[in-house]
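# What the coordinates show
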Number of protein chains: 2
Amino acid sequence: MPELRRDPVTGQSVVIAESRSQRPGAFEAVHDDLAVEDCPFCEGSEHLTPGEVAALRYDGTEVDAPGWQVRVVPNKYPATSLGGDASSHVDASSSAGSDWFVAEPAIGSHEVIIESPRHIRSVSELGVAELADAFRMYAGRLAHHRRSGRARYAMVFKNVGSGAGASMPHTHSQLITLPSVPAPVARELRGSLEFYANNGRCVYCELIDRERGDCARVVAESKWYVAICPFASRFPYEVWLLPRNHASSYETSTSCQSGAAASLTHRVLRGVERLLGRPDYNYVIHTAPFDTETLDHYHWRLELIPRLSKIAGFELGAGVYINPVAPETAARQLREVLEPE
Amino acid sequence: MPELRRDPVTGQSVVIAESRSQRPGAFEAVHDDLAVEDCPFCEGSEHLTPGEVAALRYDGTEVDAPGWQVRVVPNKYPATSLGGDASSHVDASSSAGSDWFVAEPAIGSHEVIIESPRHIRSVSELGVAELADAFRMYAGRLAHHRRSGRARYAMVFKNVGSGAGASMPHTHSQLITLPSVPAPVARELRGSLEFYANNGRCVYCELIDRERGDCARVVAESKWYVAICPFASRFPYEVWLLPRNHASSYETSTSCQSGAAASLTHRVLRGVERLLGRPDYNYVIHTAPFDTETLDHYHWRLELIPRLSKIAGFELGAGVYINPVAPETAARQLREVLEPE
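To start, this report covers the structure provided alongside it. On a predicted model such as this, the values are computed, not experimentally measured, just so you know.

As a further point, take the pairing of strand β4 (residues 68-74) of chain B. Residues and elements named next belong to chain B. Among the seven residues of β4, five are classified as buried, and the element is accordingly described as predominantly covered. The pairing of strand β3 (residues 54-57) with β4 spans four bridges and is classified as antiparallel. Opposite A54, over in β4, you have V72 as the bridge partner. Pairing analysis gives four bridges linking β4 to strand β6 (residues 110-114), with the strands arranged antiparallel. What sits directly across from P74, in β6, is E111.

Now the structure itself:
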């Protein structure tokens, strides 16, 4: 059973999941050369994954058989787990009653969302309508876990390429639920609550107004969404996609809104790949914790992070990112290569 | 002039340093195959770097000429800078009086500490006495910057291999000074101050006692230092080296203490490299900010981080590290491969 540990001084949370050291490529490069016939995420290889927990399927096809467009399966090497013996794997030195070495079972779900039956690397290779289906699935799975009442927090994230932490080359995202809100997320929530208390307004709504009023860091916008390079970009060509109208939870997006979010993400991602030569990348969806009602002070967003520069000692030690490309430069270059809507 | 920016919501600091996009390998793999004759850090190529600011030299040798053992030069592509026009490069959208988009000049020093005139990759290839000289130089440079009164915070860090963010293969460390204490460091200081207020004791002194009492996570110890795999290790085989006696600032170490820290670091690093096949790695020295007197509640440490697993979307998004190797496992394996003292 994986466990969640907290550093006794900094409060930093980590998941200790020894089962993950068994996964392919745990400590080596991604299997970029994985042949299609060996890929467990390809159509026809459904028997190579744990049984699906959700799928978008053509009428008349069967569970765990071909005929799907988006397929969700439990991660074979999970970082969080719903079952098992909660007391197993507890640190040998944590004595009862001690608040020093706090380890709890990492109770939660860890799912893989396979966005295409085809052996493609990046969701930019999908059609916009296909990516829209994937984005609707993200919302559906988040809504499912919110309803289940068993988790307090969830994040959808994507790793593409070994430099971004992927261990499988076939396009997929992941969803992890946690029993508690991680400290960095809690800090962001407190920051936005404080702004709301002082200004009566969502800090991200204010941010969007300021960025749209100036345009220096705006990459693109559509009727419902805006894409910006954030003022304090940690990474070169980092892009945030935010809904223009206030919304704290991604999973409350309508089908139409999810489709529009996918459309702008697709357009921006194609621009990023054209400009930067198909880099490794991550995207993550920040959404409100499950234990809250709709929040007036928080705003969901998707962060797209091309992995051009490595995270080095200064970033790990001081927690300060060194970014060699100003977001104003990145936004201008991205605007220049963006395809017309 | 590089600038220091703060995210308006999370307070996350970043350095925007566009000059660094000009450095070799800014967005590509390290020049692992860099020929010795092209290496600016090798003895005889002193003219290829900015002029040295400090060096450990044989008697009778001249500045910026051969005959050194450890050499310190300004980083050619600095993340922080002492000179220049402080108002240049200021974000176009930051209007006067706005506390929204806070950018200040990233005033500070960025030095490269070249630990050997020989073209070696890892300080494990140095003799213990040579690494001791390097560790004394780290202390000397930190003490210099503390005395200068121009910086509030400094970190010494090392990147080895492209996966750890190195752009040059010849062994070197770096030192960056900052005009303010980064938020994650300030949080750690607050956490340790709180513990001190409640318990009348340095939290790390308490940690060392608990770890030494149990031994499950102790890798090695010497008269003055102990090496442990921390309870909430973010990375597989992460090792912390801490002084057994209370000390908040690395730079107050005596020559003898620096030498002993180098000796235990050398022993642990050789064990890590034997066990893991010479992985890329970072080490960083956490030391108290310059604007404080000696602190009773804080304790310096060196963190050694082998870079086996990639930092992926969940780590970047939720700030929670997933570690597939429990620190108890890592410490046991490291103990087994450690050379005798």
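Text resumes after the structure shown.
Here T329 of chain A lies in helix α6 (residues 327-337). For the pair T329 of chain A and E211 of chain A, spaced 118 residues apart in sequence, the C-alpha to C-alpha distance is 15 Å.

Attention now goes to empty space enclosed by the protein. If you walk through the whole model with that rule in mind, you get seven cavities of 30 Å³ or more. Estimates place the volume of the largest cavity at around 1000 Å³. The wall of the largest cavity is formed by 47 residues, among which P184 and R187 of chain A together with Q12, P184 and R187 of chain B lie closest to the centre. Secondary structure elements with two or more residues in the lining of the largest cavity: α2 (183-199), β13 (301-306) and α5 (313-318) of chain A together with α2 (183-199), β13 (301-306) and α5 (313-318) of chain B. Classifying every residue of the lining of the largest cavity by side-chain character gives 18 nonpolar, 14 polar and 15 charged.

What follows concerns the sheet that holds strand β5 (residues 103-105) of chain B. Spatially, four strands are ordered β14(A)-β2(B)-β1(B)-β5(B) in an open sheet, and the strand pairing comes out mixed. One side of each edge strand has no neighbouring strand; the edge strands of this open sheet are β14 (321-323) of chain A together with β5 of chain B. Averaged over all neighbouring strand pairs, the angle between strand axes comes to 30°, with direction disregarded. Inspection of the sheet shows strand β1 (residues 3-6) of chain B paired to strand β2 (residues 13-16) of chain B by four bridges, in the antiparallel sense. Bridge assignment links E3 of chain B to a residue of β2 of chain B, and that residue is I16 of chain B.

A regular strand carries its side chains on alternate faces of the sheet. All names here are of chain B. The buried count for strand β7 (residues 153-160) comes to eight of eight residues, which makes it a mostly enclosed element. Alternating residues of β7 divide into Y153, M155, F157 and N159 and A154, V156, K158 and V160, and every residue in both groups is buried. Relative to strand β8 (residues 172-178), β7 runs antiparallel, the two being bridged by five bridges. Directly across from F157, in β8, lies its bridge partner Q174. The pairing of β7 with strand β12 (residues 281-286) spans five bridges and is classified as antiparallel. Within β12, the position partnered with K158 by the bridge is Y283.

Residues and elements named next belong to chain A. Packing of helix α1 (residues 128-148) against helix α4 (residues 255-276) brings their axes to within 8 Å, and their N-to-C directions diverge by 125°. It follows that α1 is oblique to α4 by the angle criterion. The element α1 and its partner α4 pack so that their crossing is right-handed. Contacts from V128, L131, A132, F135, R136 and A139 of α1 reach α4 at S255, S258, G259, A261, A262, S263, T265 and H266. Its residues placed into classes, the contact of α1 with α4 shows seven nonpolar, six polar and one charged.

Conventions adopted
Residues numbered from 1 in each chain as written. Chains lettered and ligands numbered in written order. Predicted model: local features only at pLDDT ≥ 70, side-chain atom pairs only at ≥ 80, totals over all residues. Heavy atoms only, no water. Buried < 20%, exposed > 50% of the residue type's maximum accessible area, 1.4 Å probe, protein only. Helix = DSSP H or I, 4+ residues; strand = E, 2+ residues; numbered from the N terminus. Pairing = 2+ DSSP bridges. 1 Å grid on protein atoms, 1.4 Å probe; cavity = no way out; pocket = protein on both sides within 12 Å on 5 of 7 lines; lining within 4 Å. Points joined across faces, edges and corners; volume = space filled by probe spheres on them. Nonpolar A, V, L, I, M, F, W, Y, C, P; charged D, E, K, R; others polar. Axes fitted to C-alpha atoms, helices over the stretch in contact; angles between N-to-C directions. Parallel < 35°, antiparallel > 145°, perpendicular 65-115°, else oblique. Left-handed = near helix turned anticlockwise from the far one by under 90°. Contact = heavy atoms within 4.5 Å.

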